[in-house]
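Structure assessment
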Amino acid sequence: MATQKADVVIVGVGAAGGIIAAELAKAGMKVIGLERGPKLSTASFQSLDELRYFQRQETRPHPKKQPVTWRANASVRATPIAQQNNGNQAGGGTVHYGTLSWRFHEDDFRVRSQTSERYGAKSIPEESSAIDWPISYADLEPYYDQAEREVGVSGKAGNIKGQKIEGGNIFEAPRDRDYPMPPLFVDQAGRIFEEGAKKLGLHPFASPRAIASEPYKGRAACTYCTFCQSFGCFVGAKGSIMVTKLPEAEASNNFTLITGAMVNKVNTDTAGKATGVTYWGIDGSENVVEADIVILGAFIYDNIRLLLLSKTAKHPDGLGNSTGHVGKHLMAHIGARAFSIYDDRHVNIFMGPSAQRHTIDDFNADNFDHKDLGFIRGAQISVSPADLAAGPIGAAGSLTPPPGTPRWGAAYRDFLSTYYTRFAAINAQTENLPYADQMIDLDPNVRDMYGLPAPRLTYDWRRPAESKRLAFMQQKLLEIGKAMGASKVWLGASSPGSPGAHHQGGARMGSDPRDSVVNSFGQTWDIPNLFVVGSATHPTMSGFNPTLTIEALAFRTAEAIATRYRKSPGPLV
Ligand SMILES: Cc1cc2nc3c(=O)[nH]c(=O)nc-3n(C[C@H](O)[C@H](O)[C@H](O)COP(=O)(O)OP(=O)(O)OC[C@H]3O[C@@H](n4cnc5c(N)ncnc54)[C@H](O)[C@@H]3O)c2cc1C
């Protein structure tokens, strides 16, 4: 058994952990990053290997070796989910992500207050456990700006200091300045989406993406190859943590990255303080890192699992769990999808970054009047290839034929050969509310290859308000598809209750230890030298993808540790 010492140990160096590693190491702290996956590079992805990265999803954890299970409710046995939402290499999910880089809206940070003020408290579903965030959009704005510049986001501002700008997202919260790079080129699907949405009086714009639209900080610009989501970028245009923050951390000489390191426990002393972590090395050895500060950046599954696995006499229900909130209030985006086909034109979807290309924000957040709709909050609506993950095999496989056309035989062949280059998918990504019984715990029946209990999700989105929200969005998708001039538009199937993308919650932040696990810096209320970072800390989720918010919060946490906690360890305010 080896024991190493550091000022800070970080579990998982993905979006959140990688940023904190770089910022603290640059500030002169000795940092060890423990990453269960390998260290890859831009060169690792030059094969554009669809089978490897799209079909087998090699950048994600293997569903049998490192399972995460799901059940709709407590009365049924959970089974492993096919595709996990996280990464499995240094850089985490940002290596293969779709790069959508959204700032949340002002009201995304105050769902309970905003809803109560505009529609009355009764319009919030009684069972929902939604709480306001302990910070506002304004608190996070400088860190959003920092994240956009450091990872390199392309886009067009829609609101600079309150001045609305046509062509950008006019619903966005005020920003101090524009994106560091102009938006990526608009593809054909984006153009017809834009035309259609404008006919309906909506406000389409090019989605902001962490992809260099021009050479940026020594990185090459995007080649529009489409091998983007599910793949690492073979020219390094994607602003992943692998090519942005980890090289900075390494250049500081204060950072040690240990790959193939599976952390299985947070260690605490008899007073209950965190002393470090235990991990299994790639050779099967058991090792310890002792550190003054322990930061869990292992995505929500392992963040929650580690808190629960590390229970002691002092913390009998797991770390950070003195008020019973660890694992609770889980949220996921649910996708509604419409397919549209065009007899009078081709739509080349096999060009350009793959995910959510052009967007409208008109039906997201509280950007529209919810009076008498029977639900609150909304969805981001965007156009993209048939499958949100790229690759021609995937796109063809996920182009669900219209009702009446079978998914086999000659009719399917004819449908595919006619419409393979004549379709666009329109997607709504709905914000779903937190509920205390949507949760992650330890699966008593399924273990991973290390012998640890699998993280188990108990979740079913099909609640009355959630179902109404989805049905409303499906109607909007059909309207937009028709306005786009489609010969035919039809809806894809919705998930049978299972969580969709971007899992959030489980160690939520709050202003009050009685209803949350961490404060706004991710510092656990119970153990001030134990931090949890990433989407587990989100009290509500927004209809937008979470990673830019995860990154902004990580910059904020790193700054607070480097400038304040380090001098005076204790609760941060
Ligand atoms: C296909 C796909 C597309 C996506 N597209 C977008 C998008 O367009 N926009 C967006 O905002 N978000 C997107 N996401 C989500 C995004 O990847 C995540 O929000 C983000 O990566 C989460 O950051 P994180 O730091 O919490 O976790 P991660 O980035 O997943 O990092 C966690 C790290 O911890 C490591 N780890 C886990 N457990 C342990 C352990 N026990 N010991 C040691 N190491 C451990 C993991 O290997 C991983 O490297 C996408 C996700 C997927 C799967």
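Our structure is the block above this text.
The structure reproduced in this document is the subject of the present report. (Residues numbered from 1 in each chain as written. Predicted model: local features only at pLDDT ≥ 70, side-chain atom pairs only at ≥ 80, totals over all residues.)

1. Structural notes on the overall build of the protein
Check the secondary structure of the protein and you find eleven helices and 20 strands. Rg of the C-alpha trace for the protein: 23 Å, near the compact-globule value of 25 Å for 573 residues, within the 12% margin. On the principal axes, the C-alpha backbone points of the protein span a range of 70 × 55 × 50 Å. Put simply, the protein has 573 residues, and 55% of those count as buried. Excluding contacts between residues fewer than 6 apart, the proportion of contacts in the protein whose partners are at least 24 apart in sequence is 75%. (Helix = DSSP H or I, 4+ residues; strand = E, 2+ residues; numbered from the N terminus. Rg over C-alpha atoms; globule rule 2.2 N^0.38 Å. Buried ≥ 20, exposed ≤ 12 C-beta atoms within 10 Å, placed from the backbone. Contact = placed C-beta atoms within 7 Å.)

2. Looking at the site of the ligand
The immediate surroundings of the ligand are formed by 41 residues, with Gly12, Gly14, Gly92, Gly93 and Gly534 found nearest. Among the secondary structure elements, those contributing two or more residues to the shell around the ligand are helix H1 (15-26), strand E2 (31-35), strand E9 (262-268), helix H7 (299-309) and helix H11 (547-565). Sorting elements by how many residues they give to the shell around the ligand places H1 first, with three residues. For the shell around the ligand, a count of residues per class yields 15 nonpolar, 23 polar and three charged. (Near = placed C-beta within 6 Å. Nonpolar A, V, L, I, M, F, W, Y, C, P; charged D, E, K, R; others polar.)

3. Points about the sheet that holds strand E16 (residues 439-447)
The four strands lie next to each other as E4-E3-E17-E16, forming an open sheet whose pairing is mixed. Looking at strand neighbours, the two that pair on one side only are strand E4 (79-80) and E16, the edges of this open sheet. In terms of strand pairing, strand E3 (residues 69-71) meets E4 through two bridges, oriented antiparallel. The partner of Trp70 across the bridge, within E4, is Thr79. Of the strands in this sheet, E16 and strand E17 (453-458) touch H7, which is tilted by about 80 degrees from E16. (Pairing = 2+ DSSP bridges. Axes fitted to C-alpha atoms, helices over the stretch in contact; angles between N-to-C directions.)

4. Side note on helix H5 (residues 188-199)
Since the α-helix advances by 3.6 residues per turn, residues separated by three or four positions end up pointing in the same direction. With twelve residues, H5 extends 17 Å from end C-alpha to end C-alpha; this agrees with the ideal 16 Å at 1.5 Å per step. Packed against the buried residues of H5 are strand E7 (205-206), strand E13 (358-360), strand E14 (379-384), strand E15 (423-430) and helix H10 (464-483). Immediately beyond the C-terminal end of H5, within one or two residues, lies Gly201, with a positive phi of roughly 80 degrees. (Expected span 1.5 Å × (residues − 1).)

5. A look at the packing of H1 against H11
The geometry of H1 relative to H11 is characterised by a closest axis approach of 8 Å and an angle of 30 degrees between their N-to-C directions. The angle between the axes of H1 and H11 places the two elements in the roughly parallel class. Crossing angle aside, the handedness with which H1 passes H11 is right-handed. Listed contacts from H11 to Ala15, Ala16, Ile19, Ile20, Glu23 and Leu24 of H1 are Thr547, Ile550, Glu551, Ala554, Phe555, Thr557, Ala558, Ile561 and Ala562. Residues that form the contact of H1 with H11 fall into these classes: eleven nonpolar, two polar and two charged. (Parallel < 35°, antiparallel > 145°, perpendicular 65-115°, else oblique. Left-handed = near helix turned anticlockwise from the far one by under 90°.)

6. Section: the environment of Val294
With respect to the helices, strands and loops of the structure, Val294 is situated in strand E11 (residues 286-296). Of the residues examined, Val294 has 29 C-beta atoms within 10 Å and is grouped as buried. Along the chain, Val294 and Asn169 lie 125 residues apart, while their C-alpha atoms are 38 Å from each other.

7. A word on unusual backbone geometry
At Asn253, a residue that is not glycine, the phi angle is positive and equals roughly 65 degrees. Within the secondary structure layout, Asn253 lies in the loop between helix H6 (245-251) and strand E8 (255-259). Not every positive phi belongs to a glycine, and His502 is a case in point at roughly 60 degrees. Along the polypeptide, His502 turns up in strand E19 (residues 501-504). Owing to 22 C-beta atoms within 10 Å, His502 belongs among the buried residues under this scheme.

8. Here's the deal with the nonpolar core
Counting 145 residues, the largest nonpolar core has Val8, Val9, Ile20, Ala21, Val31 and Ile295 as the members making the most contacts within it. Looking at this core element by element, the count peaks at nine residues for H11. Leaving out residues up to four positions away in the same chain, Val9 has contacts with Ile32, Leu34, Gly276, Val277, Val289, Ala291 and Val294. Within the second largest apolar cluster, five residues are counted, among which are Val111, Ala130, Leu433 and Tyr435. (Core = buried A, V, L, I, M, F, W, Y, C linked by C-beta atoms within 7 Å.)

Any link to function would need more than the numbers given here.
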